[in-house]
2 protein chains.
Amino acid sequence: MLSKNQHKLITSLQQKKYRNQHQLFVVEGVKVVNEFLTSKFKLEKIFCTEDYYSSIEEYEPQLISENELSKISNLATPNKVLGLFKIPKPTDLVDKGLVLVLDTVNDPGNLGTIIRLCDWFGVSQLVCSKTTVDCYNTKVVQATMGSLTRLPIVYTELQTYLKKTKLPIYGATMFGKKIKETSKKEDAILVMGNESNGISNEIEKLVAYQITIPRYNKDSSVESLNVATATAILLNEFRN
Amino acid sequence: MLSKNQHKLITSLQQKKYRNQHQLFVVEGVKVVNEFLTSKFKLEKIFCTEDYYSSIEEYEPQLISENELSKISNLATPNKVLGLFKIPKPTDLVDKGLVLVLDTVNDPGNLGTIIRLCDWFGVSQLVCSKTTVDCYNTKVVQATMGSLTRLPIVYTELQTYLKKTKLPIYGATMFGKKIKETSKKEDAILVMGNESNGISNEIEKLVAYQITIPRYNKDSSVESLNVATATAILLNEFRN
C-alpha cells in the first residue's frame, strides 16, 4: 500500500524544486535500480511489486500493487521497482584528467547520453553550468543507465571555474580547427554548448582552442550535429 | 476549418499501416516543413494557422485554428504548420560510397539522429532491415531536421543484399578489432545492430571486418554505447 503522502512526495520529485527541498530523486526499473543499490548512493526508500520482493528483500522494500506503481512511475512501461535515493553532497572540482564542461545543455535525453559517454571514455569529471538541465531529472537518470553512479558531476558558475583552471580549454564551435588536425592534451577541458546556440559568448572568450568536426557532405544544409553525437566523436578523438 | 475526414486521415498517419495505405506522411513545424517544401518530396496538402498563411501562400495552404492544429499535432509545442507529403518510390540499391546498414534499429529518436549523421558525413545510402523502425514515422521525421530530404533510404531484406554486394562489409560488435587500428576502405558498408542485441547472428556471419570502439574506462560496468553515438564515432572514423 502506498500512502497519500508517499504518492504526493514521489510525484513531486518530478520537479527540481522539490528534489532540492527533499534532497531526493527517483530511480526506476530493475536494471537501473540495481546499479544504484550497488553504488555509493544512499537509499532512502524502495517500493516494489510482489513478484520482485524476494529479489531485494534485504533493502526492506514496501510492497505496492502494479496499479499503484503505474501511478507514480514516469516510465511508459513501469518495471517492478522504484527507489528514492539521496542526492549526494557536491564533489570538489578537480584539475586533472579529461574534464567535460556543458554550457546550458537543456535536453534531458542529451544529458543522459552524455553522462553515459563520459563513463565509457573515463572522463574524470562533468562540470555543468547552473543553466544545464538537472542530472537528477528523472529522464536523465533513466537515460544514463547507471552511469550516473560512477561519474562525479558538479554544477557551478562556469566563468569563475574556467578562469581559475590550469587545464587547457578546448571548445566545440562551428568554425574552429579540424579536430583531426588539432593536437590534444591528455589532461584537458572540453566545452560543449547549448543545443541551439552553441557555446555562449562569455564562455567562448575563455576557450583557448576552438575545434570543429568537419562536415563531409558539402551539398548538405544540415547545420550542426546533435550535441550528444558531437560529444561522442570528440571524446573518442581525445582518447586516441 | 478542418473536416472530420481530414482530422481522421492525419491522425491515422501516426500508424505505419495507414501511411502505407495512403502513401503519405506528416511533417510539422516551420523549419522542418520548409526543408521538405524546397526538396524533391511532393506535397499533398498543407495546413497552417493564420499568422503563417502569407509565408507559404504559394502552396495554397488550408487555414486552421491553433486549437485544430493542436488536435492533429504530434509536437509538444505545435508550430504553425503541418504538411502531408507523399512517400517517394523506393530508390535502387547502389554499390558505391559509404553505405550504412541498420539491422533492426527500433527507436525512432535513434533513427532520426542516425539519418542526420548520414547527411553530415555524406553517406551515399542508408539500407535498413525491414524490422527497422519506419523512417516516415513522425518522430523520426521530426528528429532528422530535414536530413531525410537529402538521404536515399532503402528498406530491404539484409541477408540477400549483403550476400550480393561487392563492397567490403564492416560491422560494429563488442569484440572486434579496435576501430583506430582497422584499415578502412572509402567505399564500404558499415553495419550497426539493434539497441539491445546488436547485430543478429545471420547478419554477423556476413560481416568481414568486426570493429569495436574500445571502452577507455576499464572500471566502468557500462555495457555498450548507444547505437546513435556509436554510429557517430564510426562514421567520423571512416571519413578520416
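Summary of the structure given here. (Residues numbered from 1 in each chain as written. Chains lettered and ligands numbered in written order. Predicted model: local features only at pLDDT ≥ 70, side-chain atom pairs only at ≥ 80, totals over all residues. Heavy atoms only, no water.)

## Details of the overall build of chain A
Within chain A, the secondary structure is distributed over nine helices and ten strands. A total of 240 residues make up chain A; the buried ones form 52% of that total. Contacts spanning at least 24 positions in sequence make up 75% of the contacts within chain A whose residues lie at least 6 apart. Carbon and sulfur atoms make up 49% of the accessible area of chain A, which totals about 11500 Å². (Helix = DSSP H or I, 4+ residues; strand = E, 2+ residues; numbered from the N terminus. Buried < 20%, exposed > 50% of the residue type's maximum accessible area, 1.4 Å probe, protein only. Contact = heavy atoms within 4.5 Å. Areas by Shrake-Rupley, 256 points an atom, 1.4 Å probe, with all protein chains shown as cover.)

## A look at the packing of aromatic side chains
All names here are of chain A. Enumeration over the complete set of coordinates arrives at 16 aromatic pairs over all chains. Centre to centre, the rings of F25 and F36 are 5.8 Å apart; their planes meet at 70°, and the pair counts as edge-to-face. One end of the pair, F25, is in strand β1 (residues 24–28); the other, F36, is in helix α3 (residues 30–37), and eleven residues separate them in sequence. On the basis of relative accessibility, which here comes to 0%, the residue F36 falls in the buried class. Aromatic side chains F25 and F85 sit 6.3 Å apart centroid to centroid with 35° between the ring planes, which places their arrangement in the tilted category. (Phe/Tyr/Trp six-rings, centres within 6.5 Å; stacked < 30°, edge-to-face > 60°.)

## Observations regarding the pairing of strand β1 (residues 24–28) of chain B
All names here are of chain B. Most of β1 is tucked away: five of the five residues are buried. Judged by which residues are buried, β1 turns out to be covered on both faces: L24, V26 and E28 on one side and F25 and V27 on the other are all buried. Pairing of β1 with strand β4 (residues 81–86) involves five bridges; the strand directions are antiparallel. Across the sheet, the residue bridging to F25 is F85, located in β4. (Pairing = 2+ DSSP bridges.)

## Describing the relation of the copies chain A and chain B
Mapping chain A onto chain B calls for a rotation angle of 180° and an axial translation of 0.0 Å; the resulting RMSD is 0.0 Å. Classification of the inter-copy transformation places it as that of a two-fold axis. An overlap of 100% is found between the interface residues of chain A and their copies at the interface of chain B, pointing to a shared contact surface. (Least-squares fit on C-alpha atoms with pLDDT ≥ 70 in both.)

## Some remarks on the side chain of T173 of chain B
All names here are of chain B. For T173, the position within the fold is in strand β8 (residues 169–178). Accessibility expressed as a relative area gives 14% for T173, which makes it buried. Polar contacts involving the side chain of T173 include one to the side chain of Q210, which spans 2.8 Å. Contacts of T173, omitting those with residues within four sequence positions, involve I199, E204, Q210, I211 and T212. (Polar contact = N/O pair within 3.5 Å; in protein donor to acceptor, adjacent residues only side chain to side chain.)

## Some points on the interface of chain A and chain B
Accessible area lost on assembly of the parts is the figure often given for the size of an interface. Counting from both sides, the interface comprises 33 residues of chain A and, opposite them, 33 residues of chain B. Buried area between chain A and chain B, summed over both chains or domains, comes out near 3100 Å², and the portion from carbon and sulfur atoms is 58%. Its largest share of buried area at the contact with chain B, chain A owes to R116, W120 and Y216 of chain A, together 26% of the area lost on that side. Across the contact surface, chain A and chain B share two salt bridges. A salt bridge links E237 of chain B to K180 of chain A; the nearest nitrogen and oxygen atoms lie 3.7 Å apart. The interface formed by chain A and chain B holds 13 residue pairs in polar contact (both at pLDDT 80 or more) in total. Per element, the largest residue contribution to the side of chain A that touches chain B is six residues, and it comes from helix α9 (residues 227–238) of chain A. Residues that form the side of chain A that touches chain B fall into these classes: eleven nonpolar, eleven polar and eleven charged. (Buried area = accessible area lost by both parts, 1.4 Å probe. Salt bridge = Lys/Arg side-chain N within 4 Å of Asp/Glu carboxyl O. Nonpolar A, V, L, I, M, F, W, Y, C, P; charged D, E, K, R; others polar.)

## With respect to the environment of T165 of chain B
All names here are of chain B. Take T165: it is sitting in the loop between α7 (158–164) and β8. For the pair T165 and P61, spaced 104 residues apart in sequence, the C-alpha separation works out to 45 Å. Among the polar contacts made by the side chain of T165, one reaches the side chain of D95 at a distance of 2.8 Å. A polar contact of 3.1 Å, which involves the side chain of T165, links it to the backbone nitrogen of L167.

## Quick look at the sheet that holds strand β7 (residues 153–156) of chain A
Residues and elements named next belong to chain A. Sheet architecture is open: six strands sit in the order β7-β6-β5-β9-β8-β10, paired in parallel fashion. The two strands at the open ends of the sheet, each matched to only one other strand, are β7 and β10 (209–212). Within the sheet, the average angular offset between the axes of one strand and its neighbour, ignoring direction, is 35°. Across five bridges, strand β8 (residues 169–178) lies against β10 in parallel orientation. Across the sheet, residue K177 finds its bridge partner in β10, namely I211. In the packing of helix α5 (residues 108–120) onto the sheet, contacts are made with β5 (98–102), β6 (125–129) and β7, and the angle to β5 comes to roughly 175°. (Axes fitted to C-alpha atoms, helices over the stretch in contact; angles between N-to-C directions.)

## Some remarks on the layout of surface pockets
Residue and element names in this part refer to chain B. Space inside the second largest pocket adds up to approximately 610 Å³. Looking at the second largest pocket, it is lined by 23 residues, and the ones nearest its centre are I87, P88, K89, P90 and Y136. Those elements that place two or more of their residues in the lining of the second largest pocket are α2 (16–22) and β7 (153–156). Of the residues forming the lining of the second largest pocket, the biggest block, three residues, is contributed by β7. By residue class, the composition of the lining of the second largest pocket is twelve nonpolar, three polar and eight charged. Summarising the domain contributions, the lining of the second largest pocket has at least three residues from each of domain 1 (4–86) and domain 2 (98–238). (1 Å grid on protein atoms, 1.4 Å probe; cavity = no way out; pocket = protein on both sides within 12 Å on 5 of 7 lines; lining within 4 Å. Points joined across faces, edges and corners; volume = space filled by probe spheres on them. Domains from an automatic or database assignment.)

## Observations concerning the pattern of salt bridges
Taken as a whole, this structure holds 14 salt bridges over all chains when the rule is applied. A salt bridge links D51 of chain A to K80 of chain A; the shortest N-O distance between them is 3.9 Å. Residue D51 of chain A is found in the loop between β2 (43–48) and β3 (62–63), and its partner K80 of chain A is found in the loop between α4 (66–72) and β4 (81–86); the two are separated by 29 residues along the sequence. The class for D51 of chain A is partly exposed, based on a relative accessible area of 48%. Overall, the relative accessible area of 33% leaves K80 of chain A in the partly exposed class. Connected through salt bridges with shared partners, the residues K180 and E237 of chain A together with K180 and E237 of chain B form a single ionic network.

Taken by themselves, the reported measurements are silent on function.
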